[in-house]
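What the coordinates show
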Amino acid sequence: MADNKVYRASTTAPVNIAVVKYWGKRDTKLNLPTNSSISVTLSQADLRTLTTASCSASYSDGDSLTLNGEPSEVSGARTQACFRELRARRTGLEAANSSLPKLSAMPLRIVSENNFPTAAGLASSAAGFAALVQAIANLYELPDSPSELSLIARQGSGSACRSLFGGYVAWRMGDKEDGSDSIADLVAPASHWPNMRALILVASSAKKGVSSTSGMQQTVATSGLFQRRITEIVPANMNTMEDAIKAKDFAKFAEVTMRDSNSFHACCADTYPPIFYMNDTSRAAIRAVESINAKAGKTIAAYTFDAGPNCVIYYLEENKPTVLGAFTQVLNGVSGWKEGSAGVTSSVRLEDGIASALRDGVGRVIMTGVGEGPQKTEEYLVGEDGKAVKF
Ligand code: DP6
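Residues numbered from 1 in each chain as written. Predicted model: local features only at pLDDT ≥ 70, side-chain atom pairs only at ≥ 80, totals over all residues. Heavy atoms only, no water.

A few words on the packing of helix α8 (residues 320–331) against helix α9 (residues 352–361). α9 packs onto α8 with a crossing angle of 70° between their chain directions and a minimal axis gap of 9 Å. By the angle between their directions, the pair α8 and α9 is classed as roughly perpendicular. Considering only the axes of α8 and α9, their crossing is right-handed. Contacts from F327, V330 and L331 in α8 reach A355, L358 and R359 in α9. Counted by class, the contact of α8 with α9 contains 5 nonpolar, no polar and 1 charged residues. (Axes fitted to C-alpha atoms, helices over the stretch in contact; angles between N-to-C directions. Helix = DSSP H or I, 4+ residues; strand = E, 2+ residues; numbered from the N terminus. Parallel < 35°, antiparallel > 145°, perpendicular 65-115°, else oblique. Left-handed = near helix turned anticlockwise from the far one by under 90°. Contact = heavy atoms within 4.5 Å. Nonpolar A, V, L, I, M, F, W, Y, C, P; charged D, E, K, R; others polar.)

Quick look at the structure:
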């Protein structure tokens, strides 16, 4: 009798926001970067992808992927690379132990959902590819460590390799041609510095103009400033950032975070033709953070921007009144504030120009903090009958 059993496994995976940015590839096929990077993994209570990977000999339609209820292409080179690498590892296990079911030969059915609006313009590819790789690794019962799986997730999307860990994570660029040393590793777990918080000001729900993949290629090809970034600025930022995280030195952490974001966006402006990801709302957010730090007399908040206008502000729980209060004062009408934050009062009063720019451009906020890496779960998006579960 044919084995028509449906095999399945689920995981969640987090979003990460870099404090030393990945920008530039030295190999576009293997997704090998021109520089190392460091990120903070954000809490999955607020932002996470849930993915179920399943396989069955009864699946007659080949490999398939459903993202947020919509069928998604699996034929892309990045998804194919992940499937190929994971299947090769499973084949190795099956070859060594003939009693194992031959899952590697069965079609995959993958169903994935985010707990945050995809339209918020937040980078979801990192959580998405990390969840896809981890879910299939769980399904195949691979013994691979998070660092080993990061090699695979990297080929889906560079930043995804950092979402295989919680806490504070480095992606070491490596120098081998085959990319075997371009992996993520843990700088410090979330528990090392658990009071790190992030406030996200969602400044646009529009899909970004220039994708990261294409933007960074244009920067590599045309920016002179970029050369200095990858040879001098980033190596120095990597060292200082790792020391700052290990020593829990927020002022240093914040300075490098802001300088590195500025350096990355300066390279975008130096790209020819130039690329602009930040807008007037983003610049108002920068000025707001500067006002908060000036009023506090020390650096208690740090801004950073990815390939879009949304601002991520890192701060420590003990400075919540001063930092959050400055924003609740002017953005009390937008959604996303958690209970208790409306009553927070700050000694900082943002000047009218900054306040009105923020009011005009911020559509919602997300309050979150540092969190854990992928978590195996018994929640399934594919039923025992192999059908996608609808919620
Ligand atoms: C600005 O990881 O999305 O967010 O490897 O082409 O998929 P691909 O790019 P992606 O780039 C992220 C760029 C960034 C900085 C960062 O996350 O380090």
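Moving on, we get to the side chain of T52. Looking at the secondary structure, you find T52 in strand β6 (residues 48–55). Take T52: its relative accessible area is 0%, and that puts it in the buried class. With residues near it in sequence (within four places) discarded, T52 still touches R8, A9, S10, R109, I110, V111, E379, Y380, L381 and V382. (Buried < 20%, exposed > 50% of the residue type's maximum accessible area, 1.4 Å probe, protein only.)

Right, let's talk about the site of the ligand for a bit. In the vicinity of the ligand, 18 residues are found, and the nearest of them are Y22, K25, S157, S159 and T213. Within the side chain of S159, one N or O atom sits 2.7 Å away from an oxygen atom of the ligand. Between an oxygen atom of the ligand and a side-chain N or O atom of R162, the distance comes to 2.8 Å. Per-element accounting of the shell around the ligand gives the leading share, 3 residues, to helix α4 (residues 212–222). (Near = heavy atom within 4 Å. Polar contact = N/O pair within 3.5 Å; in protein donor to acceptor, adjacent residues only side chain to side chain.)

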